[in-house]
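Summary of structural features
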Amino acid sequence: MKDPETATVFAGLDGRTDTELPSWYADRKEKIQPVSFSKAVRDLPQAVDTKVAYRNPYTDEWVETDRFNAIVEPSRLQAEADGNAETESLFHIPTDSYAIINPVDVYSPLEEVLREETIDGTPLGEVMFGEIRRYRGGGEVHMDIMFDGLEVRLPGRSDPITMGVTSGYDFFGEHAVYVEGFAQDGYCSNTMRSLTDKEVIKHVGDVRNFQTWWEELLAQVELIADDLFEFIRDAQDIDLDFSELPFTVTEFYSLLGFPDYLAERAAGDAEANAASPFEIDMWTLHSGATYALTHFFQGKEGASLDQYVRTANDILFNPEGTIERVERAYEEQLEADGDEGSQASLAGERALASIERVNEDLQANVEQFEEREDALRERFQDAMS
């Protein structure tokens, strides 16, 4: 993932909370002094609109228009007027249907929710921590918000998988305000994204009640913590024996659509963490994918990352669908290679048969996964009603 222009680490809701970063997170953010979430949000660039005009080349006059507005950062406008500008004030020139949603509009209601919602009797605002990342002069922002104690602990690991949300927006008309379930594995710093459906509010029309929005979203995150443990435990019981499959671990990720550089990194991590480099369970394969995406993805946060995150999550949450996707991709690969003789054709049939056997072995687990998924969806609906 491309490095942000600036990153701010926060701990605690505001100056009234005395919150320290969890040790596993602090070790990875060495020498960074965290600020409160409230301060970090209020330090983010704001946006206002102002009139725009176009130049008539025949008269050399500027003509104002009400059809568009310039979205600008007010403090930078003042700096430009004083001759002290370091960053351009203009973010975007959208149509007049664009509704500005500033960071305080979104995250101040969250602050109210975090003062009221608790975990084990402690307000979430006292155990929150995370990071805010800025891109493009602060006109694009993404953040991870986690809650110490809202976690999944796996046997044999001292560091937890900590639950939370990832959220963001931009002022360029590309990223609407969004939020989705998120977790970070303290054992390896891998991030697990899109653990809930992405909720989006666009910069158009009436902006809804953000406080209710946050209440519903946090209820989902709390629900998924217990189920994530069960999904991981089930995935640890599903092994792929690559000695019996017609492709390598690297090729497994390539068949799922990962580019070569990510497939190689994911395979290296999965093989290193598996009990055997030939027999690897689905949780370890998922972890390999999240390792590659967290530490080596070369694109931007947003849509370019989301497609790979969904594929990685399917390895954990939909193992049957993952194997079926690999089988289809391998079959298409054989067809693209063409008919190179009966021997090659026979080898291809044997290869597909070996994949099909693996898929059949998964059937015993599929019903259990589907029941858990249905139960989780039902609880989400109950929480939202």
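Residues numbered from 1 in each chain as written. Predicted model: local features only at pLDDT ≥ 70, side-chain atom pairs only at ≥ 80, totals over all residues. Heavy atoms only, no water.

**Section: the packing of aromatic side chains**
The condition that has to hold: Any two of the Phe, Tyr and Trp rings considered here, Trp counted by its six-membered ring, make a pair once their centres fall within 6.5 Å; the pair's planes then place it as stacked at under 30 degrees, edge-to-face at over 60, or tilted in between. The way it works is that DSSP assigns letters per residue, a run of H or I at least four long becomes a helix, a run of E at least two long becomes a strand, and they are numbered from the N terminus. Think of it in three bands: with a 1.4 Å probe and only protein chains considered, a residue is buried below 20% of the maximum accessible area for its type, exposed above 50%, and partly exposed in between.
Using the criterion set out here, one finds 21 aromatic pairs in the structure. Their ring planes at 80° and their centres at 6.0 Å tell us that Trp-24 and Phe-129 sit as a pair that is edge-to-face. Placement of Trp-24 in helix 1 (residues 23-26) and of Phe-129 in strand 7 (residues 128-135) is noted, with a sequence separation of 105 residues between them. The class for Trp-24 is buried, based on a relative accessible area of 5%. Of the residues examined, Phe-129 reaches a relative accessible area of 1% and is grouped as buried. Note on Phe-91 and Phe-171: the rings are 5.2 Å apart at their centroids and 35° apart in plane angle, and the pair reads as tilted. Of this pair, Phe-91 sits in strand 4 (residues 90-92) while Phe-171 sits in the loop between strand 9 (161-170) and strand 10 (177-185), placing them 80 residues apart in sequence. A relative accessible area of 7% means that Phe-91 is categorised as buried.

**Some details on the pattern of salt bridges**
Pairing between side chains of opposite charge can happen when the charged atoms of each approach one another. For clarity, the threshold we go by: The rule for a salt bridge is simple: a side-chain nitrogen of Lys or Arg has to be within 4 Å of a carboxyl oxygen of Asp or Glu.
By the definition in use, this model includes 18 salt bridges. Here Asp-60 and Arg-55 are joined by a salt bridge, their closest N and O atoms 2.9 Å apart. Since its relative accessible area comes to 52%, Asp-60 is described here as exposed. For Arg-55, a relative accessible area of 41% translates into the label partly exposed. Notably, a salt bridge pairs Lys-300 with Glu-140, separated by 3.5 Å at the nearest N-O pair. Of this pair, Lys-300 sits in the loop between helix 8 (282-296) and helix 9 (303-317) while Glu-140 sits in strand 8 (residues 140-152), placing them 160 residues apart in sequence. Residues participating in the shared-partner salt-bridge network are Lys-29, Glu-131, Arg-133, Asp-144 and Glu-301.

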